[in-house]
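A closer look at the structure
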Amino acid sequence: MPIDFTAIDFETANSSSASACSVGLVKVRDGVVVDKVGWLIQPPAGHDEFSEWNTRIHGIVASDVVGAFGWAEQFDLIADFAGDDVFVAHNAGFDMGVIKSACAATGLTPPPWSYLCSLQVARKTYALDSYRLPLAAAAAGFTGFSHHDALADAEACAAIVSHAALFHGADDLAELASIASVKVKVLKPAPLPESPEGAEPVKRRLRVFFS
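Residues numbered from 1 in each chain as written. Predicted model: local features only at pLDDT ≥ 70, side-chain atom pairs only at ≥ 80, totals over all residues. Heavy atoms only, no water.

**Brief notes about the sheet that holds strand β2 (residues 20-29)**
Spatially, β3-β2-β1-β4-β6-β7 is the arrangement adopted by the six strands of the open sheet, whose pairing is mixed. The open sheet terminates on both sides in strands that have one partner only, identified here as β3 (32-40) and β7 (185-186). Pairing of strand β1 (residues 5-12) with β2, which is carried by eight bridges, proceeds in the antiparallel orientation. Within the sheet, the bridge partner assigned to Glu 11 lies in β2 and is Ser 22. Its contacts with the sheet put helix α2 (residues 71-82) on β1, β2, β3 and β4 (87-89), and the angle it makes with β2 is roughly 10°. The sheet strands contacting helix α6 (residues 150-168) are β1, β2, β3 and β4, and the helix crosses β2 at an angle near 35°. (Pairing = 2+ DSSP bridges. Helix = DSSP H or I, 4+ residues; strand = E, 2+ residues; numbered from the N terminus. Contact = heavy atoms within 4.5 Å. Axes fitted to C-alpha atoms, helices over the stretch in contact; angles between N-to-C directions.)

Put into structure tokens, the structure is as follows:
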């Protein structure tokens, strides 16, 4: 199998992992970018305050997401773009945590997506003082991008994994993971929040995206 995957990156409005305010997605086929897309997201209610700290990092403010899709509205777009792909992300625990938390906050159950962390791959591929995304991407030959722009970060992540596969002579993501001693993990839904005593339990919608 060739090096096929979808790179993903989220920015958040505040310290809550459910507060996704933008996403970038990059589809790779045989190690080459073939499609990319990104959009703003209205964070779920209760997670929609924009902190000064986060805005300083990514530049997004509350007025930017007025009229944007909410998490539940845009989640199908993520699923449709990714299809059966393995996700890759830099510090993937963060981005998968965003999916889990935002789904839990909106009553959705995410599919059991497989994912690979490009940060872990970079650590087993390059000798660097730091493996932050700009430095790891530079080692892969991808420079000059706007860090903390979700789409640009997803492109940088894709460049790292594609270059690492070439570096290690891996024919697919499973072989790359094996050579680099990195696990391909599976996304597991966050536990349901407990309902107050006497309240109706929170209902979650199960969405099936794969045949």
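**Some thoughts on the side chain of Ser 162**
With respect to the helices and strands, Ser 162 occurs in helix α6. Contact partners of Ser 162, with chain neighbours within four places excluded, come to Phe 5, Val 28 and Gly 31.

**A few points about the pairing of β2**
The buried count for β2 comes to nine of ten residues, which makes it a mostly enclosed element. With eight bridges connecting them, β2 and β3 associate as antiparallel partners. By the bridge assignment for β3, Lys 27 is matched with Asp 35. As consecutive antiparallel partners, β2 and β3 are separated by two residues, and within that stretch Asp 30 has a phi angle of approximately 55°, a positive value. (Buried < 20%, exposed > 50% of the residue type's maximum accessible area, 1.4 Å probe, protein only.)

**Some remarks on the pattern of salt bridges**
Throughout the structure, instances matching the rule amount to three salt bridges. Its salt-bridge partner being Asp 85, residue Arg 29 comes within 3.0 Å of it at the nearest N-O pair. Highlighted residues: Arg 29 in strand β2 and Asp 85 in the loop between α2 and β4, separated in sequence by 56 residues. On the basis of relative accessible area, Asp 85 is assigned to the buried category, the value being 11%. Here the residues in one salt-bridge network are Lys 27, Arg 29 and Asp 85, joined through shared partners. (Salt bridge = Lys/Arg side-chain N within 4 Å of Asp/Glu carboxyl O.)

**Points about α2**
Its twelve residues place the ends of α2 16 Å apart at the C-alpha level, agreeing with the 16 Å of an ideal helix rising 1.5 Å per residue. Turning to α2, its buried residues number three or more, namely Trp 71, Gln 74, Phe 75, Ile 78, Ala 79, Phe 81 and Ala 82. End-on, the buried residues of α2 take up no more than an arc of 160°, which puts them together on one face. Seen from the open side of α2, the exposed residues pointing more than 90 degrees away from its buried face are Glu 73 and Asp 80. Its buried side turned inward, α2 meets β1, β2, β3, β4, α3 (92-106) and β5 (108-109). Following α2 by one or two positions, Gly 83 has its phi on the positive side, about 60°. (Expected span 1.5 Å × (residues − 1). Arc of directions from axis to C-beta.)

**Section: the packing of aromatic side chains**
A full pass over the atoms with the stated rule returns six aromatic pairs. Where Phe 87 meets Trp 113, the ring centres are 4.9 Å apart and the plane angle is 85°; that geometry is what we call edge-to-face. Here Phe 87 is found in strand β4, whereas its partner Trp 113 is found in the loop between β5 and β6 (114-117), with 26 residues between them in sequence. The same class applies to Phe 87 and to Trp 113, which are both buried. Every member of this aromatic cluster is reached through a ring pair, and the members are Phe 10, Trp 71, Phe 75, Phe 87 and Trp 113. Against the face of Phe 81 rests Lys 27, its NZ or CZ located 5.1 Å from the ring centre. (Phe/Tyr/Trp six-rings, centres within 6.5 Å; stacked < 30°, edge-to-face > 60°. Lys NZ or Arg CZ within 6 Å of the ring centre and 35° of its normal.)

**Observations regarding the packing of α2 against α3**
Where α2 meets α3, the axes come as close as 10 Å, and the angle between the chain directions of the two elements is 135°. Taken together, the axis directions place α2 and α3 in an arrangement best described as oblique. You can see that α2 and α3 cross each other, and the crossing is left-handed. Contacts between α2 and α3 involve Trp 71, Ala 72 and Phe 75 on the former and, on the latter, Ile 99, Ala 102, Cys 103 and Thr 106. Residues belonging to the contact of α2 with α3 are distributed by class as follows: six nonpolar, one polar and no charged. (Parallel < 35°, antiparallel > 145°, perpendicular 65-115°, else oblique. Left-handed = near helix turned anticlockwise from the far one by under 90°. Nonpolar A, V, L, I, M, F, W, Y, C, P; charged D, E, K, R; others polar.)

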